[in-house]
Amino acid sequence: MTDAALLKIENLEVCYGAVEALKGVSIEVHAGEVVTIIGGNGAGKSTLMKTISGLEPAASGGVWFQNQDITRMPGYQRVALGIAQSPEGRQVFPDQSVRDNLLLGAYHRSASDAELDADLQMQFETFPRLRERQDQAAGTMSGGEQQMLAIARALMARPQLLLLDEPSLGLAPLIVKEIFAVIRQLKARGVTILLVEQMANQALAVADRAYVLETGRITIEGPGPELRRDPRIRAAYLGEH
């Protein structure tokens, strides 16, 4: 692969037994972009994210990162290559402190204590509540605080591509607003983000480009603001008829 895409997926198919979850999906993400994937429940969004992370095998098609074919690469090697995910459902380590959760995000890095501390301070600046809670067990925090921790933990890997899988899931509206404010802040810092999100209006508002995934297929793609105005999107995902 020789083009400028940081992440390129071509004709990706993923199966669960006889069920085809992804059916020839092709997307790309360029450095510095926020790209969002919207779609209803069961569309295949989380399956796509897991396949990019190496947690689900591809039946056919390919995944390229930095022009390197990573389709068969184990997940832990993809983290070292520069892909980090904040997973659906947060999946923090509940019995570990907030600080230890964050340090686990950098486990693969050969970083000095000074570097790790500088990265911790950066996360505490981005998420002030984590600084307040740094010695608290992660499992005792609210859902919103755990979501902030999951994003911060992924950022501790210093990823070239940050995967955010349903960051607003199950959160109160005020917390959702905070999470999207953080996404805009990361975008301003030049962090490359692939965002899977059911809250289409907020996702399209922050996205440079967007894809609509329906029953395992990409059906619409284009600039985020343009799709936000698209009557088909407004009817199907923004509750307007």
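Parameters at a glance
Residues numbered from 1 in each chain as written. Predicted model: local features only at pLDDT ≥ 70, side-chain atom pairs only at ≥ 80, totals over all residues. Heavy atoms only, no water. Helix = DSSP H or I, 4+ residues; strand = E, 2+ residues; numbered from the N terminus. Expected span 1.5 Å × (residues − 1). Buried < 20%, exposed > 50% of the residue type's maximum accessible area, 1.4 Å probe, protein only. Contact = heavy atoms within 4.5 Å. Core = buried A, V, L, I, M, F, W, Y, C linked by side-chain atoms within 4.5 Å. Pairing = 2+ DSSP bridges. Axes fitted to C-alpha atoms, helices over the stretch in contact; angles between N-to-C directions.

Colleague: Give me helix α6 (residues 143-155): which residues, what numbers.
Modeller: For α6, which comprises 13 residues, the first-to-last C-alpha distance of 18 Å matches the rise-based estimate of 18 Å (1.5 Å per residue) to within 8%. Burial of α6 is extensive: 12 of the 13 residues sit out of reach of the surface. What α6 keeps buried is the set Gly-144, Glu-145, Gln-146, Gln-147, Met-148, Leu-149, Ala-150, Ile-151, Ala-152, Arg-153, Ala-154 and Leu-155. Against β6 (83-86), α3 (98-104), α4 (113-126), α5 (128-132), β7 (161-165) and α7 (173-188) lie the buried residues of α6.

Colleague: Hey, could you go over α4 for me, with residue numbers and the actual values?
Modeller: Here α4 spans 20 Å end to end across 14 residues, near enough to the 20 Å set by a 1.5 Å rise per residue. Elements in contact with the buried residues of α4: α3, α5, α6 and α7.

Colleague: Describe the nonpolar core, and please don't skip the residues or the numbers.
Modeller: Ranked by internal contacts, the top residues of the largest apolar core, which has 45 residues, are Leu-130 and Ile-193. The residues contacting Leu-130, other than those within four sequence positions of it, are Val-98, Phe-124, Met-141, Glu-145, Met-148, Leu-149 and Ala-152. Counting 28 residues, the second-largest nonpolar core is a separate cluster that includes Leu-6, Phe-65, Ile-83 and Leu-213.

Colleague: Could you give an account of the environment of Leu-155, with specific residues and numbers?
Modeller: Among the secondary structure elements, Leu-155 is positioned in helix α6. Given a relative accessible area of 9%, Leu-155 falls into the buried group. Measuring from C-alpha to C-alpha, the distance between Leu-155 and Gln-123 comes to 7.9 Å, with 32 residues separating the pair along the chain.

Colleague: Requested: an account of the environment of Pro-87, with residues and values cited.
Modeller: Its location among the elements puts Pro-87 in the loop between β6 and α3. The exposure class assigned to Pro-87 is buried, which follows from its relative accessible area of 15%. Separated by 27 residues in the primary sequence, Pro-87 and Ala-114 place their C-alpha atoms 28 Å from one another. Ignoring any residue separated from it by four or fewer positions in sequence, one finds Pro-87 in contact with Arg-153 and Asp-165.

Colleague: Tell me about the side chain of Gln-147, and name the residues and values.
Modeller: Note that Gln-147 resides in helix α6. Excluding residues that lie within four positions of it along the chain, Gln-147 makes contacts with Ser-86, Arg-90, Glu-166, Pro-167, Leu-171 and Ile-179.

Colleague: Which residues make up the sheet that holds strand β2 (residues 19-30), and what values go with them?
Modeller: The 4 strands are arranged β2-β1-β4-β5 in an open sheet whose pairing can be described as antiparallel. With partners counted over all chains shown, the strands left at the sheet margins are β2 and β5 (68-69), one partner each. Sheet topology places strand β1 (residues 5-16) next to β2; 9 bridges connect them, and they run antiparallel. Each bridged residue has a counterpart across the sheet, and for Ala-5 the counterpart in β2 is His-30. The strands touched by helix α1 (residues 45-53) are β1 and β2; relative to β1, the strand with the most contacts, the crossing angle is about 115°.

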